Amino acid sequence: MAELRRHPPLAGLYAITPDGLATPALLTAVTAVLAGGCRWIQYRNKAADPDLRRRQAALLGALCRTHAAGLIINDDVPLAQAVGAAGVHLGREDGSLAAARQWLGPAAVLGASCYQDFEAARQAVAEGASYVAFGAVHASPTKPGAARAPLSLFERARRELPVPACAIGGITLDNVAPVIAAGARLVAVISDLTGPPAAMRARAAAYQRLFEDLS
């Protein structure tokens, strides 16, 4: 059992891995965005068998540590603990935040999907969430039927919550600036981080520059 690691500040680009990538392609993609300055990676591969998930997560954990980045595991508390990830992200049906906090300890990063519900975000914080995620901010190819989350949620979170708010859903370089300006401290991106490694690195760097310019 690996020990949970220290993690960087909860801010900036938050790259989420797409489902179904073979291990070499996964490592190439994550290496590229880390080289561009991204310091948060979420591993999500819901269709993979447990052995493959364990292998891929362990490799990503080692890669993140070499870049002083944090690895978050989607929906799987035991896997996060097993590979020494920085923490776990849980959706509405993925278990108790309080139980995850008790299992992973006080240093772990716990993320909570709160969709369009500010009161759910407030409750998540009470249960130990380190950040809350609102979405879909824009139409998303990953979840095309998701309801939209207004930017006012991020403005309110900045005023009323003691943890960062993360924006997810259809985020691109073309539409992210107002999201950051509204108060999102993390932006979760999947589809806009694709292509050759050099292009992925450049896009990751562009996201990070926007945070520096607009924050």
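Since the model is a prediction, treat every value here as computed from it, not as a measurement. (Residues numbered from 1 in each chain as written. Predicted model: local features only at pLDDT ≥ 70, side-chain atom pairs only at ≥ 80, totals over all residues. Heavy atoms only, no water.)

(A) Structural context of the overall build of the protein. The number of helices and strands found in the protein is 8 helices and 8 strands. Here the protein has a C-alpha radius of gyration of 16 Å; the compact-globule value for 215 residues is 17 Å, and the two agree. With the C-alpha coordinates aligned to their principal axes, the bounding extent of the protein is approximately 40 × 40 × 30 Å. Looking at the protein residue by residue over its 215 residues, the buried ones come to 51%. For the protein, restricting intrachain contacts to residue pairs at least 6 apart in sequence, the fraction spanning at least 24 positions comes to 60%. Looking at the protein as shown, the accessible area adds up to about 9,600 Å², and 55% of this sits on carbon and sulfur atoms. Across the protein, the centroid of the 21 positively charged side chains sits 5 Å from that of the 17 negatively charged ones. (Helix = DSSP H or I, 4+ residues; strand = E, 2+ residues; numbered from the N terminus. Rg over C-alpha atoms; globule rule 2.2 N^0.38 Å. Buried < 20%, exposed > 50% of the residue type's maximum accessible area, 1.4 Å probe, protein only. Contact = heavy atoms within 4.5 Å. Areas by Shrake-Rupley, 256 points an atom, 1.4 Å probe, with all protein chains shown as cover. Lys, Arg positive; Asp, Glu negative; His and termini not counted. Charge placed at Lys NZ, Arg CZ, Asp CG, Glu CD.)

(B) Structural context of the sheet that holds strand β4 (residues 87-90). The strand order β1-β2-β3-β4-β5-β6-β7-β8 describes a closed barrel built from 8 strands, whose pairing is parallel. Between one strand and the next, the sheet's axes are offset by a mean angle of 25°, whatever the strand orientation. (Pairing = 2+ DSSP bridges. Axes fitted to C-alpha atoms, helices over the stretch in contact; angles between N-to-C directions.)

(C) Seen up close, the pattern of salt bridges. Applying the stated rule across the entire model yields 7 salt bridges. Aspartate 192 is paired through a salt bridge with arginine 203; the nearest N and O atoms lie 2.8 Å apart. Linking aspartate 192 in the loop between β8 (186-189) and α8 (197-214) with arginine 203 in helix α8, this pair joins segments that are 11 residues apart in sequence. What makes arginine 203 partly exposed here is its relative accessible area of 27%. What emerges from the salt-bridge pattern is a single network uniting Glu119, Arg122, Arg156 and Glu160. (Salt bridge = Lys/Arg side-chain N within 4 Å of Asp/Glu carboxyl O.)

(D) Summary view of the packing of aromatic side chains. Taken as a whole and judged by the stated rule, the model has 3 aromatic pairs. Note on phenylalanine 118 and phenylalanine 134: the rings are 6.4 Å apart at their centroids and 10° apart in plane angle, and the pair reads as stacked. Here the residue phenylalanine 118 occupies a position in helix α5 (residues 118-126), and phenylalanine 134 occupies one in strand β6 (residues 131-134), the gap between them amounting to 16 residues. Look at phenylalanine 118 and you get buried, because its relative accessible area is 5%. Its relative accessible area of 0% is what places phenylalanine 134 among the buried residues. Ring centres of phenylalanine 134 and phenylalanine 154 lie 5.6 Å apart, and the angle between their planes is 85°; on these two criteria the pair is classed as edge-to-face. Residue phenylalanine 134 is found in strand β6, and its partner phenylalanine 154 is found in helix α6 (residues 152-160); the two are separated by 20 residues along the sequence. Ring pairing ties together the aromatic residues Phe118, Phe134 and Phe154, which thus form one cluster. Over the ring of tyrosine 115 we find arginine 92, and its NZ or CZ is 4.0 Å from the ring centre. (Phe/Tyr/Trp six-rings, centres within 6.5 Å; stacked < 30°, edge-to-face > 60°. Lys NZ or Arg CZ within 6 Å of the ring centre and 35° of its normal.)

(E) Layout of helix α2 (residues 50-66). Across its 17 residues, α2 extends 25 Å between first and last C-alpha, which sits within 8% of the 24 Å expected from 1.5 Å per residue. Within the sequence span of α2, burial applies to Arg53, Gln56, Ala57, Leu60, Gly61, Leu63 and Cys64. Along the axis of α2, the buried positions cluster into a sector of 165°, meaning they face one direction only. Those residues of α2 that are exposed and aimed more than 90 degrees away from the buried face are Asp51 and Thr66. Structurally, α2 contributes buried residues whose contacts are with α1 (23-35), β2 (40-43), β3 (70-74) and α3 (77-83). The N-terminus of α2 is capped by aspartate 49, whose side-chain oxygen sits 3.0 Å from the backbone nitrogen of aspartate 51. (Expected span 1.5 Å × (residues − 1). Arc of directions from axis to C-beta. Polar contact = N/O pair within 3.5 Å; in protein donor to acceptor, adjacent residues only side chain to side chain.)

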